[in-house]
Amino acid sequence: MSTIDTLPPLREVLTTHDLQARKSMGQNFLLDLNLTAKIARQAGDLTGCDVLEIGPGPGGLTRGLLAEGARRVLAIEKDRRCLPALAEIQAAYPDRLAVIEGDALEIDPLSHLSAPIRVVANLPYNVGTELLVRWLTPKTWPPFWQSLTLMFQREVAERIVATPGSKAYGRLAILAQWRSDARIVLQLPPEAFTPPPKVSSSVVHLTALPKPRFEADAAVLSRVVAAGFNQRRKMLRASLKGVAPDIEDRLLAAGIAPTERAEKVDLERFCALARAVAKP
Ligand code: SAM
């Protein structure tokens, strides 16, 4: 089988650098370089793009991104045990890979990147969800990124692309679909990873829209949606009581019956509600 570069196979890299996967770091590695190249291709044409990769681990996906022609990759990794393996990749791709050791939730990578920027990551799902929400809710739009290509547990991926009325529909669907086109582009069984996790995974690709689908303030929309879905079985007049004292009037102004439940309200009406709530 052909490989995507001349570096050693990833199993050998794990042995050489004694990289036992740690549960505490959410480590489930991708060791098949054909698969990591395939994931990198889901991010679109990378030539001429800087790529921000979060959680490179031993560097399987990093190698895929470089082999697929990324102009530069900036990788942020929390586990310092992975750095020697990443240094070998740096040596094979001079000037195209930069690595920062640290927690992606605390590092602002923007000073190291030039537009156009695409984000690609295979992260522990809790860190991934937190970062996704941050990337989707900056105060101004368009954001620093053109696209996000992210691995999630299948159940989380389904929440990102869910439609009203489905069980998976909630905050993630609204925030993602408000400002981006979101699609599941690849499904991966547990055996694709070492060690295999308990559940299947999916790669979600989100492309930033030039402007949000409907007008709304990001912070207000986030607040309304979080409150609405926090008690998803309750009627909105009850679940949103804390959002505004006259919430029934504001629901009506947005064209939503106060007796409606959050899971039935589409994106357009949630944005109308955010606008009604933002009014003095
Ligand atoms: N991308 C590699 C791959 O596909 O084989 C590793 C994936 S593994 C699921 C997640 C990686 O994210 C691990 O290398 C882990 O150390 C790293 N990680 C976990 N939390 C992180 C954080 N807060 N900031 C940066 N990296 C983190």
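Asks: I keep staring at the sheet that holds strand 5 (residues 117-122) and nothing clicks. Help me out?
Replies: Sheets are built from strands that pair by backbone hydrogen bonding, the pairs being arranged parallel or antiparallel. Read from one edge of the open sheet, seven strands run 4-3-2-5-6-9-7, paired in mixed fashion. Among the strands making up the open sheet, the edge pair consists of strand 4 (97-101) and strand 7 (180-188). Here the average twist between neighbouring strands, direction ignored, is 20°. The sheet strands contacting helix 4 (residues 83-92) are strand 3 (72-77) and strand 4, and the helix crosses strand 4 at an angle near 165°.

Asks: For this particular structure, what's the right way to read the pairing of strand 3?
Replies: Side chains on a regular strand alternate between the two faces of the sheet. Of all six residues that make up strand 3, five are buried, and the element is covered over most of its length. Summarising the sheet, strand 2 (residues 50-54) and strand 3 pair through five bridges and their orientation is parallel. From the neighbouring strand, leucine 52 faces strand 3, where its bridge partner is leucine 74. One crossover worth recording links strand 2 to the parallel strand 3 by way of helix 3 (residues 60-67), and it is right-handed. Note: strand 3 against strand 4, five bridges, orientation parallel. Counted as the bridge partner of leucine 74 is alanine 98 from strand 4. Where the polypeptide runs from strand 3 across helix 4 and back to strand 4, its parallel neighbour, the crossover connection is right-handed.

Asks: Whenever I open this one, the site of the ligand confuses me. Can you help?
Replies: By nearness alone, 21 residues border the ligand, and Leu30, Gly55, Glu77, Asp103 and Asn122 come closest of all. With respect to the ligand, the backbone of alanine 104 contributes an N or O atom lying 2.9 Å from a nitrogen atom. Relative to its unbound accessible area of 580 Å², the ligand is 98% covered by the protein chains. For the shell around the ligand, the secondary structure elements donating two or more residues are strand 1 (29-30) and strand 3. Broken down by class, the residue content of the shell around the ligand amounts to nine nonpolar, seven polar and five charged.

Asks: Quick question: what am I supposed to make of the packing of helix 7 (residues 171-179) against helix 8 (residues 218-230) here?
Replies: Each packed pair of helices is defined by two parameters, the angle between the axes and the distance between the axes. Taken N-terminus to C-terminus, the directions of helix 7 and helix 8 make an angle of 155°; their axes are 9 Å apart at the nearest point. In terms of their interaxial angle, helix 7 and helix 8 are classed as roughly antiparallel. By crossing handedness, the relation of helix 7 to helix 8 is classed as right-handed. Here Arg171, Ile174, Leu175, Trp178 and Arg179 of helix 7 come into contact with helix 8, specifically with Ala218, Leu221, Ser222, Val225, Ala226 and Phe229.

Asks: What exactly am I supposed to notice about the domain arrangement of the protein chain here?
Replies: When the parts of a complex come together, some accessible area is lost, and that lost area is often used as the size of the interface. According to the domain assignment, the protein chain contains domain 1 (10-208) and domain 2 (218-278). The straight-line distance from the C-alpha centre of domain 1 to that of domain 2 is 33 Å. Listed as interface residues are 14 residues of domain 1 and, on the opposing side, 15 residues of domain 2. Around 1100 Å² of area is buried between domain 1 and domain 2 when both sides are counted, 72% of it from carbon and sulfur atoms. Contact with domain 2 buries surface across domain 1, with Tyr169, Ile174 and Trp178 losing the most and accounting together for 48% of the total.

Asks: Mind showing me how you'd approach helix 5 (residues 125-136) here?
Replies: Three- or four-residue spacings in an α-helix give side chains the same orientation, since the helix completes a turn every 3.6 residues. Counted at 1.5 Å a residue, the expected span for helix 5 with its twelve residues is 16 Å, and the 16 Å between its end C-alpha atoms agrees. Every buried residue of helix 5 is accounted for by Val127, Gly128, Thr129, Leu131, Leu132, Val133, Trp135 and Leu136.

Asks: Got a minute to help me understand the packing of aromatic side chains in this structure?
Replies: In this description, an aromatic ring pair is defined by two values, namely the gap between the centres and the angle between the planes. For the structure on display, the rule yields three aromatic pairs. With 5.7 Å between their ring centres and 85° between their planes, tyrosine 169 and phenylalanine 229 make a pair best called edge-to-face. Within this pair, whereas tyrosine 169 is found in the loop between helix 6 (154-160) and helix 7, its partner phenylalanine 229 is found in helix 8, the two being separated by 60 residues in sequence. For the residue pair tyrosine 169 and phenylalanine 229, the accessibility class agrees, reading buried in each case. Pairing phenylalanine 229 with phenylalanine 270 gives two aromatic rings, centres 5.7 Å apart and planes at 35°, and the pair type is tilted. Of this pair, phenylalanine 229 sits in helix 8 while phenylalanine 270 sits in helix 11 (residues 267-278); the two residues are 41 residues apart in sequence, bridging distant segments of the chain.

Criteria and thresholds
- Position labels on residues start from 1 in each chain and follow its written sequence.
- It should be noted that, the model being predicted, local features are given only for residues of pLDDT at least 70 and side-chain atom pairs only at 80 or more, the latter also being counted only at that level, while totals for whole chains, interfaces and linings use all residues.
- Neither water nor hydrogens contribute to the side-chain values; these are computed over all heavy atoms in the structure.
- Two strands pair under a simple rule: DSSP has to find at least two bridges between them.
- Only runs of H or I of at least four residues qualify as helices and only runs of E of at least two qualify as strands under DSSP, and these elements are numbered from the N terminus.
- Where helices are involved, their axes are fitted lines through C-alpha atoms of the stretch in contact, as for all axes, and angles between N-to-C directions lie from 0 to 180°.
- Contacts were defined at the residue level, with two residues in contact if any of their heavy atoms lie within 4.5 Å.
- Only protein chains enter the accessibility calculation, which uses a 1.4 Å probe. A residue is then buried if its area is under 20% of the maximum for its type, exposed if over 50%, and partly exposed in between.
- The path from the first strand over the helix to the second decides the hand: if it runs clockwise while the strands point away from the viewer, the crossover is right-handed.
- Near, as used in this document, describes a residue that has one of its heavy atoms within 4 Å of the molecule or strand being considered.
- Between N or O atoms, a polar contact is any pair within 3.5 Å; within protein, one atom must be a potential hydrogen donor and the other a potential acceptor, and residues adjacent in sequence are included only when both atoms are from side chains.
- Accessibility throughout is a Shrake-Rupley quantity obtained with a 1.4 Å probe, and a residue counts as covered only by protein chains that appear here.
- Put simply, Ala, Val, Leu, Ile, Met, Phe, Trp, Tyr, Cys and Pro go in the nonpolar bin, Asp, Glu, Lys and Arg in the charged bin, and everything else, Gly too, in the polar bin.
- In what follows, roughly perpendicular refers to angles from 65 to 115 degrees, roughly parallel to angles under 35, roughly antiparallel to angles over 145, and oblique to any angle outside these ranges.
- Handedness of each helix crossing follows the sense of rotation of the near helix against the far helix: counterclockwise by less than a right angle gives left-handed, clockwise gives right-handed.
- An automatic or database domain assignment supplies the residue ranges for each domain.
- Simply put, the buried area is the total loss of 1.4 Å probe accessible area from both parts when two parts are fitted together.
- A helix's residues, less one, multiplied by 1.5 Å, set its expected span.
- Each Phe, Tyr or Trp ring, with Trp reduced to its six-membered ring, pairs with another whose centre is within 6.5 Å; inter-plane angles below 30 degrees give stacked pairs, above 60 give edge-to-face pairs, and intermediate values give tilted ones.

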